[in-house]
Amino acid sequence: MTTPAGPILGIETSCDETACAVLAPDGAVRAEAVLSQQEHAPFGGVVPEIAARAHLAHLPALVDGTLRRAGVAFAGLGGVAATSGPGLIGGLIVGSGFAKGVALAHGLPFVAVNHLEAHALTARLPGLVPGGLAFPYLLLLVSGGHCQCVSVQGVGRYARLGGTIDDAVGEAFDKVGKLLGAGWPGGPAVERLAAAGDPARFALPRPLLGRPGCDFSFSGLKTAVAQRVAAYPPGPLPAQDAADLAASFQRAVAEVMADRADHAMAAFAAAHGPRTLVVAGGVAANLALRAALETAAARRGFALVAPPLRLCGDNAVMVAWAGIERLRLGLTDPLATAPRPRWPLQEMTA
Ligand code: KG4
Ligand code: ZN
């Protein structure tokens, strides 16, 4: 294992968060910043071209301020890590291009970070689990674009146990948020709305619940919510009904996820014994989901590890950390590495 020669700069620009972070070689966070682009709100979804331009506009000052707070100059860094896929190509070009420029100008190692690997390794950040989280562990990766169960064997070593056959779970939250007029992004908005709702009010489907394996499906559940909404006259739903629908939807998601995670834990435990279930990605911020997974994990003798809320959504701490994990193994990437809009976790190497 080789220790990076200085602090690592991490850059995240794969979707609508412009983020950067500086971590000490041991993973301690020296400074970080996340700027959630507000430019998309009027459109009710991320507009790729606007995202790319906003990254370009915000990134240089964000990096400047973060380096200043970390008390380090470009020349004092030990490496630069930038999300290079999967994600929106414009943002990936901006972030990885910026990082390559810094690496070239200052002779620093560059790491092309896979965004999913960054989510997957977040739970290994020092301080999150006493003594550090060891491989292997079971990962439930739940975000706006991804929903999968993965056996994490090591850096670059991922075996997919199951995944969504239609929508990602965050996507379902976002669509339901729109249907309920809850605001955007839908996930946090639906969770806030659900807090005042009755989760037993509407009988919604539980797609794939009880079926063998650990695949997911959310489009039928989303359609069921759409049908309930369509039964009302046009215009905003009565407030209590919207809250009850949000709560009923959230409970259905939590029950399905707990069931799928249960199957994944059984499969994982058959090979490795009960260990740790990690939930990561933007949707991991959902407290109802965390509670359901906590119960499911305890039943199987697994410990549940969920990163702190600020590290669930997209951030650059996880990107810098993934960079450190790779640099420690002597893994760097050539500056000619092209960003990849599609980059499955299973295509990672170590
Ligand atoms: O990981 P992330 O920030 O970006 C992607 O890589 O996709 O995840 C964003 C997703 C969005 O779909 C957002 O609505 C969802 O995570 N999300 C939530 C919550 N916070 C964010 N979903 C449910 N409950 C939340 N509290
Ligand atoms: Zn993400």
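Computed from a predicted structure; not experimentally measured.

Details of the nonpolar core
Point 1. Counting 50 residues, the largest nonpolar core has Leu140, Val142, Val169, Phe218, Phe249, Met257 and Leu277 as the members making the most contacts within it.
Point 2. Looking at this core, the elements with two or more residues in it are strand E6 (137-142), strand E7 (147-154), helix H4 (169-179), helix H5 (186-194), helix H6 (219-230), helix H7 (239-272), strand E9 (276-280) and helix H8 (287-299).
Point 3. Per-element accounting of this core gives the leading share, 15 residues, to H7.
Point 4. Residues Leu125, Val152, Val278 and Ala322 belong to the second largest nonpolar core, which totals 38 residues.

Observations concerning the packing of H4 against H6
Point 1. At a minimum axis separation of 10 Å, H4 and H6 run at an interaxial angle of 5°. The orientation of H4 relative to H6 falls into the category roughly parallel. Between H4 and H6, the residues in contact are Lys175, Val176 and Leu179 and Lys222, Val225, Ala226 and Val229, respectively.

Some words on the pattern of salt bridges
Two side chains that carry opposite charge are able to pair once their charged atoms sit near each other.
Point 1. For the structure shown, the criterion picks out 14 salt bridges.
Point 2. Between Asp167 and Lys222 there is a salt bridge whose closest N-O contact spans 3.0 Å. Here Asp167, found in the loop between strand E8 (157-163) and H4, pairs with Lys222, found in helix H6; they are 55 residues apart in sequence, far enough to count as distant. Per residue, the accessibility class of Asp167 equals that of Lys222, and both read buried.
Point 3. The partner of Glu255 in a salt bridge is Arg206, and the shortest N-O contact between them spans 3.0 Å. On the criterion of sequence distance, the pair formed by Glu255 in helix H7 and Arg206 in the loop between H5 and H6 is long-range, its members being 49 residues apart.
Point 4. Salt bridges sharing common partners tie together Asp167, Glu171, Lys175 and Lys222.

Cut-offs used in this document
Note that residues are indexed from 1 along each chain, following the sequence as it is written. Ligands are numbered from 1 and chains lettered from A, in the order in which they are written. A pLDDT threshold of at least 70 governs which residues receive local features in this predicted model, and a stricter bar of 80 or more applies before side-chain atom pairs are shown or counted, although totals over entire chains, interfaces and linings include all residues. Only hydrogens and water are removed before side-chain values are computed, so all heavy atoms of the structure are retained for them. Among buried residues, the Ala, Val, Leu, Ile, Met, Phe, Trp, Tyr and Cys ones that are joined through side-chain atoms within 4.5 Å form a nonpolar core. Categorising residues by exposure relies on relative accessible area from a 1.4 Å probe, with only protein chains included: less than 20% of the type maximum marks a residue as buried, more than 50% marks it as exposed, and the intermediate range marks it as partly exposed. We count a stretch as a helix when DSSP gives it H or I for four or more residues in a row; a strand needs E for two or more, and each element gets its number in order from the N terminus. Only the contacting stretch of a helix is used when fitting its axis, a line to C-alpha atoms as for every element, and angles between N-to-C directions run 0 to 180 degrees. Roughly parallel covers angles under 35 degrees, roughly antiparallel covers those over 145, roughly perpendicular covers 65 to 115, and oblique covers all other angles. Whether two residues are in contact is decided by their heavy atoms, any of which lying within 4.5 Å being enough. Any carboxyl oxygen of Asp or Glu within 4 Å of a side-chain nitrogen of Lys or Arg constitutes a salt bridge here.

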